[in-house]
Amino acid sequence: MSPAARLRGLKPDWLRDPKVWRTEVLAGLVVALALIPEAISFSIIAGVDPAIGLFASFTMAVTIAVVGGRRAMISAATGAVALVIAPLNRDHGFGYLVAAVILAGVFQIVLGALGVAKLMRFVPRSVMVGFVNSLAILIFMAQVPEMTGVPWPVYPLIAAGLALMVLFPKVTTLVPAPLVSIVILTVITLAAGIAVPTVGDRGELPSSLPVPGLPDVPFTLDTLTTIAPYALAMALVGLMESLMTAKLVDDITDTRSSKTRESIGQGVANIVTGFFGGMGGCAMIGQTMINVRVSGARTRLSTFLAGAFLMVLCVVFGPVVSDIPMAALVAVMVMVSVATFDWHSIAPKTLRRMPAGEITVMVVTVACVVATHNLAVGVVVGSITAMVVFAKRVAHLAEVTAVTDPDGTTVVYRVTGELFFASSNELVSRFEYANDPGKVVIDLSAAHIWDASSVAALDAVETKYAQRGKTVEIIGLNEPSARIHETLSGELTGSH
C-alpha cells in the first residue's frame, strides 16, 4: 500500500466523504437544538441554574467525542444523574455537587479499569428489549407536561411537526427531517405571531463560555465522606445507562464498540465537566436516537458538534434559539419515542411464540423503569428476574435413570443435565437407597457439576448408601467437574 493510500485510510469517514460530513454536521445541529430544553429541565431537577446543565452538556459531549468508546453516541446532562445528586445540592450546596461529579468520574475510571463493562454480557435480550421499550415510554411521558395546560395552537403545531418528519424524508434525505420541522415551525410561529411556550420560557441561556476552576469545598475527609455515597451512586447509574445505550447503538449500527473505553471515557468526561462547573451526566438515549436512528449519524464528529453547536447556539444565537416553540421539540421527541419502541416485541405473533418467562422479564423491566423513572433499577431487577426464570427452567433439566445389572449386584444411575444449586436439591431424592444392591455406580458423563451445592448433594447420596453398607462409585466426570468434585468432596459436612 502506498503512503498516500495509507494516509487516506487513516482519515476519518467524514473527511473522506462529503455526504458523511454533511450528515454528521446536520445531525449535530439537530441534537444541539434538542439538548437545550432537556439540559435546562435537568438543571431544574438538580436545583441549579440552567447554565450549569447547558455547560455540562457541552463539556460532556465534546470530551466523550474524543475519549469515548462508542462513536455517534451522545453524552450530556441527564435526568437520572440530576435525580441522584439533587439531594446533595439541596443539603450541602453547589460546591459539594461539583466535587461529587469529579469523584464520580474517578469512580467510573476505576470501575472501567476493573472491567465492570464485561458484566454487560449478563444482560439478557429480554431485559434489553424491556429497557428500549421503557425508554421509549419515558421519552413520551416526559413530553406529556408540554402538551397539557398549554394554548390550543400547540396541538396543531405538534401535529404539523410530526407530519413534516414523516413526509419530508420521502422528498429528500439530504437534510434531517427534525431540523426542517424545527425551522419551519419556528418561522410559522414568529411570522404569525402565535403565542406558544418557547425554549426561552424554560430558562435564561448562558451568554459566555464556562471557565475551569476547583470546587468551592473544604478539602477534608469530612467532605469526602459526604460526597462519596452520591458520587458512587452517580457513577453506577451513569455507567449503567451509558453501557446499555452503547449496546443499543451497537445493535442499530451493526458495529462493535469498546465498553471498557466507554466506561473510562465517561469518567474522564465527568471529571472535565466537574472542573468546568457542570452537573455531570452520562449517555442520553433520546438524543442518541435522534443522532443515530433519525439523522443517520455514525461518527464522532456528530457528537463533538452537538456539544460545540450547543454553546454556539446559546452564546451567539441565544435570542433566536429562545424563540423556538417547544411544540417543535416535543414533536421531535415524540417521533423519537415511536422510532425507539420495539413494536415487533409486542406483536401478537411474537407474543404467541415467545416463552412466558421471556415476556415476564420484559414486562418486569418496563414496569420497574416506568414506576421508578430509573433505567438502572429496571435493568438490575429485570436481570435478576431473568436469572430466576433461567434457574427455574434449568433446574428441571437434570434427569436420573437407573439400570440394574442382570446379576442384580450393581445398579448404574445415569445423570443427565446441569447440576447446580437449583437442580441438585432434587438429586438426593432420586435414588432407591433401601432397595438398591450393594454396589452403586453414578455415571456423570452426560452431566456437569457447577457448584458446591452439587458436590454436597453427591456427598449426601454417598453417605446415605454408606449408612446401609453399600458402596458408591462416581464415573464419567469431565475435567472441570472432576476438579471441583475433588476439591470439595468431603469438605462440606453440615452444608447439606
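Described below are features of the structure shown in this document. Every value quoted in this text rests on a predicted model; they were computed, and no experiment measured them.

Attention now moves to the overall build of the protein chain. Counting secondary structure elements, the protein chain contains 21 helices and six strands. Principal-axis analysis of the C-alpha atoms places the extent of the protein chain at approximately 100 × 65 × 60 Å. Classification of the 496 residues of the protein chain by burial places 52% in the buried group. Residue pairs at least 24 apart in sequence account for 84% of intrachain contacts in the protein chain once pairs closer than 6 positions are excluded. Taken as a whole, the protein chain presents about 22500 Å² of accessible surface, with 65% of it coming from carbon and sulfur. Each charge class in the protein chain was averaged separately, 33 positive and 34 negative side chains, and the resulting centres sit 10 Å apart.

Under the definition given, this model contains six aromatic pairs. Arranged with centres 6.2 Å apart and planes meeting at 40 degrees, the rings of Phe431 and Tyr433 form a pair that is tilted. Its relative accessible area of 5% is what places Phe431 among the buried residues. Taking the relative accessible area as the measure of exposure, Tyr433 reaches 10% and is therefore buried.

Before going further, it helps to examine the sheet that holds strand β4 (residues 410-419). Overall, mixed pairing links the four strands, which are arranged β3-β4-β5-β6 in an open sheet. Looking at the sheet topology across the chains shown, the edges are occupied by β3 (399-404) and β6 (471-475). Between one strand and the next, the sheet's axes are offset by a mean angle of 20 degrees, whatever the strand orientation. Across five bridges, the pairing between strand β5 (residues 439-449) and β6 is parallel. Its bridge partner lying in β6, Val440 is registered against Val472.

Another aspect to go through is helix α12 (residues 285-294). Within α12, eight of the 10 residues are buried, which leaves it mostly tucked inside the rest of the structure. Of the residues making up α12, those classed as buried are Ile285, Gly286, Gln287, Thr288, Met289, Ile290, Asn291 and Val292. Looking one or two residues past α12, Gly296 carries a phi angle of roughly 80 degrees, positive in sign.

Along the chain, Gly378 turns up in helix α18 (residues 375-395). Residues Gly378 and Ser134, spaced 244 residues apart in sequence, show a C-alpha to C-alpha distance of 8.7 Å. Among all residues touching Gly378, those that are not within four sequence positions of it are Thr365, Cys368 and Val369.

Burial of the side chains of β6 is restricted to one face: Val472 and Ile474 are buried, whereas none of Thr471, Glu473 and Ile475 on the reverse face is. Where the polypeptide runs from β5 across helix α20 (residues 452-466) and back to β6, its parallel neighbour, the crossover connection is right-handed.

Judged by side-chain polarity, Leu209, Val312, Val315, Val316, Phe317 and Val320 come together as a nonpolar surface patch covering roughly 510 Å² of accessible area. With respect to the secondary-structure elements, Val312 resides in helix α13 (residues 300-315).

For helix α10 (residues 221-253), built from 33 residues, the straight-helix expectation of 48 Å at 1.5 Å per residue is met to within 8% by its first-to-last C-alpha distance of 46 Å. The largest bend in α10 comes to about 35 degrees, at Ile227, with the proline Pro229 one to four residues further on. Looking one or two places after α10, you find Asp254, whose phi comes out positive at around 55 degrees.

Interhelical geometry of helix α4 (residues 50-67) versus α13 gives an angle of 155 degrees and a closest axis separation of 8 Å. When the axis of α4 is compared with that of α13, the two are roughly antiparallel. Along this stretch, α4 crosses α13, giving a crossing that reads as left-handed. Of the residues in α13, those in contact with Leu54, Phe55, Ser57, Phe58, Ala61, Val62, Ile64, Ala65 and Val66 of α4 are Arg300, Thr303, Phe304, Gly307, Ala308, Leu310, Met311 and Cys314. The class makeup of the residues in the contact of α4 with α13 is 13 nonpolar, three polar and one charged.

As enumerated under the stated definition, the model contains eight salt bridges in all. With its nearest N and O atoms 2.4 Å apart, the salt bridge here joins Lys259 to Asp250. Judged on exposure class, the residue Lys259 and its partner Asp250 are both buried. Between Arg483 and Glu479 there is a salt bridge, with its nearest N and O atoms 3.4 Å apart. Separated by four residues within a single helix, Arg483 and Glu479 lie in helix α21 (residues 479-488), roughly one turn from each other. The exposure class of Glu479 is exposed, given its relative accessible area of 61%.

What counts, and where the lines are drawn
Residues numbered from 1 in each chain as written. Predicted model: local features only at pLDDT ≥ 70, side-chain atom pairs only at ≥ 80, totals over all residues. Heavy atoms only, no water. Helix = DSSP H or I, 4+ residues; strand = E, 2+ residues; numbered from the N terminus. Buried < 20%, exposed > 50% of the residue type's maximum accessible area, 1.4 Å probe, protein only. Contact = heavy atoms within 4.5 Å. Areas by Shrake-Rupley, 256 points an atom, 1.4 Å probe, with all protein chains shown as cover. Lys, Arg positive; Asp, Glu negative; His and termini not counted. Charge placed at Lys NZ, Arg CZ, Asp CG, Glu CD. Phe/Tyr/Trp six-rings, centres within 6.5 Å; stacked < 30°, edge-to-face > 60°. Pairing = 2+ DSSP bridges. Axes fitted to C-alpha atoms, helices over the stretch in contact; angles between N-to-C directions. Right-handed = clockwise from strand over helix to strand, strands pointing away. Patch = residues over 30% accessible without salt bridge, like charges linked within 9 Å, V, L, I, M, F, W, Y side chains within 5 Å. Salt bridge = Lys/Arg side-chain N within 4 Å of Asp/Glu carboxyl O. Expected span 1.5 Å × (residues − 1). Bend = angle between axes of the 7 residues up to and from the residue. Parallel < 35°, antiparallel > 145°, perpendicular 65-115°, else oblique. Left-handed = near helix turned anticlockwise from the far one by under 90°. Nonpolar A, V, L, I, M, F, W, Y, C, P; charged D, E, K, R; others polar.

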